[in-house]
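# Structural overview for review
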Amino acid sequence: MLPILLVLLLAMLLFGLGFAVKALWWIAVVVLVVWLLGFVMRATPTGGARRSRWYRW
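Residues numbered from 1 in each chain as written. Predicted model: local features only at pLDDT ≥ 70, side-chain atom pairs only at ≥ 80, totals over all residues. Heavy atoms only, no water.

The subject of this paragraph is the overall build of the protein. The helix and strand tally for the protein stands at 1 helix and 0 strands. Of all 57 residues assigned to the protein, the portion counted as buried reaches 4%. Carbon and sulfur atoms provide 79% of the accessible area of the protein, an area that totals close to 5,700 Å². (Helix = DSSP H or I, 4+ residues; strand = E, 2+ residues; numbered from the N terminus. Buried < 20%, exposed > 50% of the residue type's maximum accessible area, 1.4 Å probe, protein only. Areas by Shrake-Rupley, 256 points an atom, 1.4 Å probe, with all protein chains shown as cover.)

Following this line, the structure appears as structure tokens:
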């Protein structure tokens, strides 16, 4: 009985880990798209060499 429980516990753990990794990949893709849109949607230079950005860093 114990080996069956251990196998079931391992299967549940791996399923949960796989789901978490897949969710993290989707979050990473969304963040990448937002980051790339930040470069595309930059404001035009208002004078000088400094550009205005939508983020602060």
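Moving on from the coordinates now.
We now examine a nonpolar patch on the surface. Nonpolar side chains collect at one region of the surface, where Trp26, Val29, Leu32, Val33, Trp35, Leu36, Leu37, Phe39, Val40 and Met41 lie side by side and expose about 1,000 Å² of accessible area between them. Summarising the element assignment, Val33 is placed in helix α1 (residues 2-40). (Patch = residues over 30% accessible without salt bridge, like charges linked within 9 Å, V, L, I, M, F, W, Y side chains within 5 Å. Salt bridge = Lys/Arg side-chain N within 4 Å of Asp/Glu carboxyl O.)

Here the focus is α1. Its 39 residues place the ends of α1 57 Å apart at the C-alpha level, agreeing with the 57 Å of an ideal helix rising 1.5 Å per residue. Within α1, only 1 of the 39 residues are buried, which leaves it mostly out in the open. (Expected span 1.5 Å × (residues − 1).)

Note that every value here comes from positions in space, so none of it alone points to a role or purpose.
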